Structure formats: structure tokens, C-alpha cells
Amino acid sequence: MSASPSPVSVRTSTSGPTAAELLDFVRRTAADAALLASLPLDPEGRTWTRLDGPGGSEAWLIGWPPGTGTGWHDHADSIGAFLTASGTLKEHSLAARLPTDGWRTLELTEDIDRSRELTPGRGRAFGRHHVHEVLNESAAEHAVSVHAYYPPLPQIRRYSRTGAVLRLEQTERPEDWQ
Ligand SMILES: [Fe+2]
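Residues numbered from 1 in each chain as written. Predicted model: local features only at pLDDT ≥ 70, side-chain atom pairs only at ≥ 80, totals over all residues. Heavy atoms only, no water.

Within the structure shown, the criterion is met by three aromatic pairs. Here the aromatic rings of phenylalanine 126 and tyrosine 149 are separated by 6.3 Å at their centres, their planes lie at 55°, and the arrangement is tilted. Residue phenylalanine 126 is located in strand 8 (residues 123-126), and its partner tyrosine 149 is located in strand 10 (residues 143-150); the two are separated by 23 residues in the primary sequence. Of the two residues, phenylalanine 126 and tyrosine 149, both sit in the buried class. (Phe/Tyr/Trp six-rings, centres within 6.5 Å; stacked < 30°, edge-to-face > 60°. Helix = DSSP H or I, 4+ residues; strand = E, 2+ residues; numbered from the N terminus. Buried < 20%, exposed > 50% of the residue type's maximum accessible area, 1.4 Å probe, protein only.)

On to the pairing of strand 2 (residues 58-64). Where burial is concerned, most of strand 2 is hidden: seven out of the seven residues are buried. Hairpin connection, strand 1 (residues 47-52) to strand 2: the antiparallel pair is bridged by five residues, and glycine 55 has positive phi, about 60°. Pairing between strand 2 and strand 10: seven bridges, direction antiparallel. Bridge pairing in strand 10 links isoleucine 62 to serine 145. (Pairing = 2+ DSSP bridges.)

So, about the nonpolar core. Counting 20 residues, the largest nonpolar core has Leu22, Val26, Leu61, Ala81, Val144, Val146 and Ala148 as the members making the most contacts within it. Mapped by element, the contributors of at least two residues to this core are helix 1 (19-30), strand 2, strand 4 (79-86) and strand 10. It is helix 1 that contributes the most residues to this core, six residues altogether. Discounting chain neighbours no more than four positions away, the residues touching alanine 148 are Leu22, Phe25, Val26, Glu58, Ala59, Ile79, Gly80 and Ala81. (Core = buried A, V, L, I, M, F, W, Y, C linked by side-chain atoms within 4.5 Å. Contact = heavy atoms within 4.5 Å.)

Right, let's talk about the coordination of the iron ion for a bit. The protein atoms donating to the iron ion are His73 (NE2), His75 (NE2) and His132 (NE2), with metal-donor distances spanning 2.0 to 2.1 Å. In primary sequence terms, the donor set of the iron ion follows H-x1-H-x56-H. Of this pair, histidine 75 sits in the loop between strand 3 (73-74) and strand 4 while histidine 132 sits in strand 9 (residues 132-135), placing them 57 residues apart in sequence. Residue class for histidine 75 comes out buried when judged on its relative accessible area of 4%. (Donors = N, O, S within 2.8 Å, 3.2 Å for Na, K, Ca; no water.)

For glutamate 91, the position within the fold is in strand 5 (residues 89-94). Spatially, the C-alpha atom of glutamate 91 lies 7.5 Å from that of leucine 118, the residues being 27 residues apart in sequence. Leaving out residues up to four positions away in the same chain, glutamate 91 has contacts with Phe82, Arg114, Ser115, Arg116, Arg124, His130, His132, Glu133 and Val134.

On to the side chain of threonine 47, then. For threonine 47, the position within the fold is in strand 1. Among the polar contacts listed, one links the side chain of threonine 47 to the backbone oxygen of proline 40, at a separation of 2.7 Å. Dropping the residues within four chain positions of it, threonine 47 is found in contact with Leu39, Pro40, Leu41, Asp42, Leu61, Ile62 and Gly63. (Polar contact = N/O pair within 3.5 Å; in protein donor to acceptor, adjacent residues only side chain to side chain.)

Another point: unusual backbone geometry. In this model, tyrosine 150 is joined to proline 151 through a cis peptide bond whose omega is -5°. With respect to the helices and strands, the residue proline 151 is situated in the loop between strand 10 and strand 11 (156-162). Phi at histidine 129 takes a positive value of approximately 65°, unusual for a residue other than glycine. Mapped onto the elements, histidine 129 comes out in the loop between strand 8 and strand 9. For histidine 129, a relative accessible area of 7% gives the class buried.

Structure below.
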């Protein structure tokens, strides 16, 4: 497995926004206090508000109560960016682009795991086939984040992770996870 290229240099084959432009959008959006305040928060589960992203991208404002997370997944052929507006999120990711098809389980190499803590104002852009999970590990504090994807989410692939073994569990369409 080779290391992924710098995510901010990724441009899709169409003329949509770059990952850097998506990151700029989520950064500017996260500074909109009135918008953030409009997101309903639920102590039991995540909440979402759909936003219009730049250049036809799909964007979301997401609320994360303490202890919630996404599980391992990727966004297939979409590039994206997200940024924490309030609270703290943890991202676990893989420093590799996985082969897209023809496998059900993969044994990951030892040095492939990455982890970063995203405090308010910190975010990241990512390229296609970026495998990650995002968590609010706080015991008490809600987190709010802004996300943008282009092309608008064609599919989400969900994985389970047992030690070094990553297993493809299911492929979801946006209508399945909304
Ligand atoms: Fe994701």
C-alpha cells in the first residue's frame, strides 16, 4: 500500500471544487455563530442540518453528543473536508488509499494508523477513498462540526475493524444514512 497524495492537491475529474476549497468553505461556515445556534442538539444522538456547499457540493452541519461516533467508513469517490466548530472531535484514519473493489477483508500494516484531535477551528481536507472514523470522546461536552463533500455523496462504504483486519460490511447510499 502506498501513501496517499496530499489531500489538498486532489482535484476530481470534473470541474468541481477542490478539497482546499471545501476546507475553506467549512472554515468560513464554522465561524457563522447564528447558523451554529440554529442546529438542534439532542443529548442522545447526532443531529444534522443540510447546507448548500460551494460548486454543487453537499454540506452538513452535524451535532455530536458525548460518546457518539461514525464507525469506520469512507466516502468512496468523493473528496471532502470537515472542521470542528465547537467541542472536540477525534479522527482515526488510515494513511493509505485502499483498493476500491475486489476485496472483503484487508490486513492493515502496522504503521498505517493516524489519529488527530480537532479542537475548535481545526479541520482537515481529504481525498477519495479516505477511510476514517470520527468520534466525540468527551464525557460531557457536545461537539458541532461542518462537513462538505464533492461530488455529493454517491455512496458510503462501512467497515468493521478488528485489530489489523478491516472488513467491508456494507455500502450505503445517502438515503440510507440520512
Ligand atoms: Fe466521513
